[in-house]
Amino acid sequence: MNLDNSKPNVFVTRPDFPEVGINILKEKCLITTWNNSSVIPKEELLKHVVGKQAIFCYSANKIDAEVLEAAGPYLKVIGTFSVGCDHINLKECQKRGIRVGYTPDVLTDATAELTMALLLATTRRLIEANKQVYTGGWSSWSPKWMCGPGLKDSVIGIFGFGRIGQEVAKRCVPFKPKQILYTSRTEKEVAEEIGAKYVEFKVLVTSSDIVIACCPLNDETRNIFNKNVFTNMKKSVVFINSSRGGVVDQEDLYNALKNGNIYAAGLDVTTPEPLQLDDPILTLPNIVISPHIGSANIATRNDMSIVTAKNIVLGLQGQEMISEVK
Ligand code: DGY
């Protein structure tokens, strides 16, 4: 119960956000926390947000009109522990004058790093090869065994050239690709410095040996990687997605991988998350999947917690946030 009316009430949707941020929040706010580290069920979320001035949430919490309505008129700030905001109804927040803070910048390097890990693991068949060591598949050295496409002399196409896309491009350069292409809503000046060339989406998907999705999920990008696109890709293409599962029609991806329309895929994000153990996509040999760990390095997660907490405190004080969705 809130006995200190001078402090704003904040609902935190799970108990294990890094303490560095939660401690900042505790100094200025009264916190109620959902004490279970699985995703809070919708009906519980609806109950717990009532009367709160702010919500500290993350990408698995759908903050839709119903949640905003349940929270009521005191709700002023949503602080999400993520760069992606596709789980929040931003239009509805804007309509209600609710400010939204998020965590770009602090997770850019970590996510770009994981994208590269996935890219290398997929092109060089690292997981498939590693399994052979433990399952007796490793016999004498063989010249064609476990060969995959390398990055050298490849055409790498990056879809979405924001912070993460740009950092991925920079990390690709030392691997000596023939060319780096990108598609983005606008041409970016920084691309020239990196050595990346702007192309239309159609050109990107038809000419690349490696296609990397680094875009946000929105109405324009939902299911953009679908049967039609996979059919137009090179058969040798490696597809990487570290953005959101929703940018891919996963059944179409499954079929493209199974039928050999594309060579392999590396995913850090899927639909749904987590994947069910009987999901057919898990039966494919030519896919590497990591469980949405793009930003999962310790320092980054601490920084995300600090930024989320500060966004909430600053937002409640009517000040400029560290990172606010505009
Ligand atoms: C992000 O920050 O958006 C990550 O994908 C975690 O949700």
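The structure presented is a predicted model; accordingly, all values stated were derived computationally and were not measured.

Conventions we followed
- Along each chain, residues carry numbers from 1 onward, in the same order as the chain's sequence is written.
- pLDDT decides what is reported in this predicted model: residues at 70 or higher carry local features, side-chain atom pairs at 80 or more are listed and counted, and totals for whole chains, interfaces and linings draw on all residues regardless.
- Note that the side-chain values use all heavy atoms of the structure and ignore hydrogens as well as water.
- Throughout, the term near means that a residue has one or more heavy atoms lying within 4 Å of the molecule or strand in question.
- Two N or O atoms form a polar contact when they lie within 3.5 Å of each other; inside protein one atom must be a possible hydrogen donor and the other a possible acceptor, and for residues adjacent in sequence the pair counts only when both atoms belong to side chains.
- Values of accessible area rely on a 1.4 Å probe in the Shrake-Rupley scheme; residue burial ignores everything except the protein chains shown.
- Residue type decides the class: Asp, Glu, Lys and Arg count as charged, Ala, Val, Leu, Ile, Met, Phe, Trp, Tyr, Cys and Pro as nonpolar, and the leftover types, Gly among them, as polar.
- In this document the domain limits rely on a domain assignment from an automatic tool or a database.
- Contacts: residue pairs with any heavy atoms within 4.5 Å of one another.
- Take the accessible area each of two parts loses on contact, using a 1.4 Å probe, and add the two losses: that sum is the buried area.
- Only one rule defines a salt bridge in this text: a Lys or Arg side-chain nitrogen within 4 Å of an Asp or Glu carboxyl oxygen.
- The angle between two axes is taken between their N-to-C directions and runs from 0 to 180 degrees, where each axis is a line fitted to C-alpha atoms and a helix contributes only its stretch in contact.
- Here a helix means four or more residues in a row that DSSP labels H or I, a strand means two or more in a row labelled E, and each is numbered from the N terminus.
- Working rule for angles: under 35 degrees goes down as roughly parallel, over 145 as roughly antiparallel, 65 to 115 as roughly perpendicular, anything else as oblique.
- By definition, any crossing whose near helix is turned counterclockwise from its far helix by less than a right angle is left-handed, and any crossing with a clockwise turn is right-handed.
- The criterion for strand pairing is that DSSP finds at least two bridges linking the strands in question.
- In this description, a nonpolar core means a group of buried Ala, Val, Leu, Ile, Met, Phe, Trp, Tyr and Cys residues linked to one another through side-chain atoms lying within 4.5 Å.
- Using a 1.4 Å probe on the protein chains alone, a residue whose accessible area is under 20% of its type maximum counts as buried, one over 50% counts as exposed, and one in between counts as partly exposed.
- A crossover gets the label right-handed when its path from the first strand over the helix to the second runs clockwise, viewed with the strands pointing away from the viewer.
- Only the six-membered ring of Trp is used, alongside the rings of Phe and Tyr, when aromatic pairs are assigned; centres must lie within 6.5 Å, and planes under 30 degrees apart are stacked while those over 60 apart are edge-to-face, with the rest tilted.
- Both cavities and pockets are sets of points on a 1 Å grid over the protein atoms alone; in a cavity a 1.4 Å probe fits but cannot get out, in a pocket the set is open with protein on both sides within 12 Å along at least five of seven lines, and lining residues sit with an atom within 4 Å of a point.
- Grid points are joined across faces, edges and corners, and a volume is the space filled by probe spheres set on the points.

Observations regarding the site of the ligand
- Around the ligand, the neighbouring residues are Ser-59, Ser-82, Val-83, Gly-84, Leu-107, Arg-244 and His-292.
- Between the ligand and the protein, one listed contact pairs an oxygen atom with a side-chain N or O atom of Ser-59 at 3.0 Å.
- A distance of 2.7 Å is found between an oxygen atom of the ligand and a backbone nitrogen or oxygen belonging to Val-83.
- For the ligand, whose accessible area on its own is 230 Å², the fraction buried by protein is 86%.
- Its residues assigned to classes, the shell around the ligand comprises 2 nonpolar, 4 polar and 1 charged.

Topic: the domain arrangement of the protein chain
- For the protein chain, the assigned domains are domain 1 (9-106 + 298-316) and domain 2 (108-289).
- On the side of domain 2, 5 residues touch domain 1, which itself brings 8 residues to the contact.
- For the pair domain 1 and domain 2, the two sides together bury roughly 580 Å², of which 41% comes from carbon and sulfur.
- Per-residue buried area on domain 1 facing domain 2 is highest for Asp-86, Asp-105 and Thr-300; these three make up 61% of the total on that side.
- Our count for the contact surface shared by domain 1 and domain 2 stands at 2 salt bridges.
- Among the ionic pairs, Arg-244 bridges to Asp-86, the shortest N-O distance being 3.0 Å.
- Remark: the boundary between domain 1 and domain 2 carries 3 residue pairs in polar contact (both at pLDDT 80 or more).
- Among the residues making up the side of domain 1 that touches domain 2, the classes are represented as 3 nonpolar, 3 polar and 2 charged.

A word on the packing of helix α1 (residues 19-28) against helix α12 (residues 298-316)
- Running from N to C, α1 and α12 point in directions that differ by 20 degrees, and their axes come no closer than 7 Å. With respect to α12, the element α1 is oriented roughly parallel. Of the two possible hands of crossing, α1 and α12 adopt the one that is right-handed. Residue-level inspection shows Val-20, Gly-21, Ile-22, Ile-24, Leu-25 and Lys-28 of α1 in contact with α12, the latter providing Asn-302, Ser-305, Ile-306, Ala-309, Lys-310, Ile-312 and Val-313.
- Of the residues belonging to the contact of α1 with α12, the class tally is 8 nonpolar, 3 polar and 2 charged.

Describing the sheet that holds strand β9 (residues 210-213)
- Spatial ordering of the open sheet is given by β8-β7-β6-β9-β10-β11-β12, a layout of 7 strands whose pairing is parallel. At either margin of the open sheet sits one strand with a lone partner, and together these are β8 (196-198) and β12 (287-289). Taken over all neighbouring pairs, the strand axes of this sheet differ in orientation by 15 degrees on average, direction set aside.
- Here helix α7 (residues 163-172) sits on the sheet and contacts β6 (155-159), β7 (179-183) and β9; the angle it forms with β6, its principal contact strand, is near 165 degrees.

Comments concerning the sheet that holds strand β3 (residues 54-57)
- The strand order across the open sheet formed by 5 strands is β2-β1-β3-β4-β5, and the pairing between neighbours is parallel. In the strand order of this sheet, the two ends are held by β2 (30-33) and β5 (99-101), each with one partner. With direction set aside, neighbouring strand axes in the sheet form an average angle of 20 degrees.

Comments concerning the nonpolar core
- Grouped together as the largest cluster of nonpolar side chains are 43 residues, with contacts concentrated most on Leu-25, Phe-56, Ile-158, Val-168 and Ile-212.
- Take this core: its biggest share by element is 6 residues, from helix α5 (residues 108-123).
- Split by domain, the residues of this core number at least three in each of domain 1 (9-106 + 298-316) and domain 2 (108-289).
- Apart from the residues lying within four places of it in its own chain, the contact partners of Ile-158 are Gly-165, Val-168, Ala-169, Ile-180, Leu-181, Tyr-182, Thr-183, Leu-204, Ile-212 and Cys-214.
- Core analysis: the second largest hydrophobic core is formed by 31 residues, Leu-204, Val-229, Tyr-254 and Leu-284 among them.

Quick word on the pairing of β9
- The two faces of β9 match: Ile-210 and Ile-212 on one face and Val-211 and Ala-213 on the other face are all buried.
- Where β6 meets β9, 4 bridges bridge the pair, whose relative direction is parallel. Each residue of the ladder has a partner; that of Gly-157, found in β9, is Val-211.
- The β-α-β motif built from β9, the intervening helix α10 (residues 227-232) and the parallel element strand β10 (residues 238-241) has right-handed crossover chirality.

Re the packing of aromatic side chains
- The final tally for this structure, using the stated rule, is 11 aromatic pairs.
- Taking the centre distance of 4.5 Å and the plane angle of 50 degrees together, the rings of Phe-17 and Phe-56 count as tilted. Separated by 39 residues along the polypeptide, Phe-17 in the loop between β1 (9-12) and α1 and Phe-56 in strand β3 bring together distant segments of the chain. Phe-56 shares its class with Phe-17; the two are buried.
- Here Phe-159 and Phe-225 contribute two aromatic rings whose centre-to-centre distance is 5.6 Å and whose plane-to-plane angle is 85 degrees, an arrangement assigned as edge-to-face. Here the residue Phe-159 occupies a position in strand β6, and Phe-225 occupies one in the loop between β9 and α10, the gap between them amounting to 66 residues.
- Put simply, the rings of Phe-159, Phe-201, Phe-225, Phe-230 and Phe-239 pair up and form one aromatic cluster.

Focus on the layout of surface pockets
- As a volume, the second largest pocket reaches approximately 280 Å³.
- Considering the residues around the second largest pocket, the lining is formed by 15 residues, among which Leu-284, Pro-285, Asn-286, Ile-287 and Val-288 are closest to the centre.
- Of the residues assigned to the lining of the second largest pocket, the class counts are 10 nonpolar, 2 polar and 3 charged.

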